[in-house]
Amino acid sequence: WLSRQLSNQTGQFLLYHFLISSVSATSDAITITQRFFYKLLQAVGLPPSGVCNFGHGETFSRLLDKVSSQQTNGLVIVLDGVCYIGKQLLADKLSWLMDPLPVETRVIVSCSENAVPDRWRSWPTLRVNPLTAQETKSLLRLSLGPTHNLLVPDQETALSSSSRSKSSNPYFTTLISHHLSSDSNPSILPARIKACLECKDVGDLLEHILGQLEVISRQKELLIRVLILVCFSRDGVMEMDLLDMCNLTWSTWLPLRHLLLHHHLLAECGGLLMCLSSTVRNAVQRKYFNGVQEENLRRKWTTLLLDRFNAGFRSP
């Protein structure tokens, strides 16, 4: 939708921000306002240097007014996942969203229902309901690709409708589909389907997939190391840093990288590898940090990341 807006809607200025998780810098309200502030400065041709108190007082409001008035189709602000900020912080730190905005300004936000501020409840709302059985089946066919042709009707029915509380979650269905399509051997397909459907929720399914990837990759220790480093980083890890910290060669890393991206565990964003969601992060921590040494292990991996980060600042 954003790509279409940017390419097809002339005379419109688009500000957008995606929040990844509550522990990521993407959910920091100051960071969001700062990004928008500098984008607005660019739009009006002003340099960022010498402008202080971004997002405070009248400066930010004046910039919104000025940019909106210059566009024939106004200004659109898109915030995805604002529930990661928290209802109170949203009202305190993004107060400009609560204030009257310029006439030609529209705001589009996505969040869970219990995180909607009272002032927003009068806004036009699109409720995203769980998938129906037919929608789940359509998503399953699309995500499975050629592997769908190997399913017998009973298997398709079991995947799409036997566990409605789980498969009505698009992420659950997508995870199963991509896991099954990673090995289309028909002789083991029934057992793999059965194992996936025995998982009680998305977190349980992710832990099952992680266990399977330990076997498939034939690089269990390396897989665990990569997952932990990425999940313990606040906003992701640069690929070259990951290669250095794990002593990886490209020939070893590329197959593992493909597995992690294909199974929707990691994602690429802005040149960084990061956990696709907080659900993945939690699954990794439950699987590999559930023991008496948990705190020591956390400290070990956090220290490794901090040392690497600090070394980057010290480099000439």
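Everything below is about the structure shown above.
To keep things clear, this report deals only with the structure shown in the data block. On a predicted model such as this, the values are computed, not experimentally measured, just so you know.

1. As for the nonpolar core
The biggest cluster of nonpolar side chains holds 49 residues, and the ones touching the most others in it are Val226, Leu242, Trp253 and Leu260. Top element by residues in this core is helix 12 (residues 220–232). It accounts for ten residues. Non-local contacts of tryptophan 253, meaning those with residues more than four positions away in its chain, are made with Val226, Glu239, Leu242, Leu243, Leu248, Leu260 and Leu273. Grouped together as the second largest cluster of nonpolar side chains are 26 residues, Leu40, Leu75, Leu97 and Val107 included.

2. Quick word on the packing of aromatic side chains
Going through the model one piece at a time under the given rule, you end up with two aromatic pairs. Look at tyrosine 16 and phenylalanine 18: their rings are 6.1 Å apart centre to centre, the planes differ by 65°, and that puts the pair in the edge-to-face class. On the basis of relative accessible area, tyrosine 16 is assigned to the partly exposed category, the value being 33%. For the ring pair phenylalanine 37 and tyrosine 38, a centre distance of 5.9 Å and an interplane angle of 55° mean the geometry is tilted. Its relative accessible area of 30% is what places tyrosine 38 among the partly exposed residues.

3. Things to note about the sheet that holds strand 2 (residues 75–80)
In space, the three strands of this open sheet follow the order 1-2-3, with parallel pairing throughout. With partners counted over all chains shown, the strands left at the sheet margins are strand 1 (13–18) and strand 3 (105–110), one partner each. For this sheet the average axis-to-axis angle between neighbouring strands, irrespective of direction, equals 10°. Where strand 1 meets strand 2, six bridges bridge the pair, whose relative direction is parallel. Its bridge partner lying in strand 2, histidine 17 is registered against leucine 79. Packing against the sheet, helix 2 (residues 29–43) makes contact with strand 1 and strand 2, and its axis sits at approximately 160° to strand 1.

4. Examining the packing of helix 9 (residues 170–181) against helix 11 (residues 202–217)
Following both chains from N to C, one finds helix 9 and helix 11 inclined at 15°, their axes separated by 10 Å at the closest point. Taken as axis vectors, helix 9 and helix 11 run roughly parallel relative to one another. With respect to the hand of their crossing, helix 9 and helix 11 are arranged in left-handed fashion. Judged by residue contacts, Tyr171, Phe172, Leu175, Ile176 and His179 of helix 9 engage Val202, Leu205, Leu206, His208, Ile209 and Gln212 from helix 11. Across the contact of helix 9 with helix 11, the residue classes break down as eight nonpolar, three polar and no charged.

5. Focus on the packing of helix 9 against helix 10 (residues 189–197)
Angle between the axes and distance between the axes: these two values describe a pair of packed helices. At a closest axis distance of 11 Å, the pairing of helix 9 and helix 10 adopts a crossing angle of 155°. On the basis of the axis angle, helix 9 is roughly antiparallel to helix 10. Considering only the axes of helix 9 and helix 10, their crossing is right-handed. Residue-level contacts link Phe172, Ile176, His179 and Leu180 of helix 9 to Leu189, Arg192, Ile193, Cys196 and Leu197 of helix 10. For the contact of helix 9 with helix 10, the per-class residue count stands at seven nonpolar, one polar and one charged.

6. Thoughts on the sheet that holds strand 6 (residues 272–275)
One open sheet accounts for three strands, arranged 4-6-5; its pairing is antiparallel. On the outer flanks of this sheet lie strand 4 (237–238) and strand 5 (266–269), each paired with one strand and no other. Strand direction decides the pairing type here: strand 4 and strand 6, joined by two bridges, are antiparallel. Looking across to strand 6, one finds that valine 237 is bridged to leucine 273. Contacting strand 5 and strand 6, helix 14 (residues 250–262) runs over the sheet at an angle of about 100° to strand 5.

What counts and how
Residues numbered from 1 in each chain as written. Predicted model: local features only at pLDDT ≥ 70, side-chain atom pairs only at ≥ 80, totals over all residues. Heavy atoms only, no water. Core = buried A, V, L, I, M, F, W, Y, C linked by side-chain atoms within 4.5 Å. Buried < 20%, exposed > 50% of the residue type's maximum accessible area, 1.4 Å probe, protein only. Helix = DSSP H or I, 4+ residues; strand = E, 2+ residues; numbered from the N terminus. Contact = heavy atoms within 4.5 Å. Phe/Tyr/Trp six-rings, centres within 6.5 Å; stacked < 30°, edge-to-face > 60°. Pairing = 2+ DSSP bridges. Axes fitted to C-alpha atoms, helices over the stretch in contact; angles between N-to-C directions. Parallel < 35°, antiparallel > 145°, perpendicular 65-115°, else oblique. Left-handed = near helix turned anticlockwise from the far one by under 90°. Nonpolar A, V, L, I, M, F, W, Y, C, P; charged D, E, K, R; others polar.

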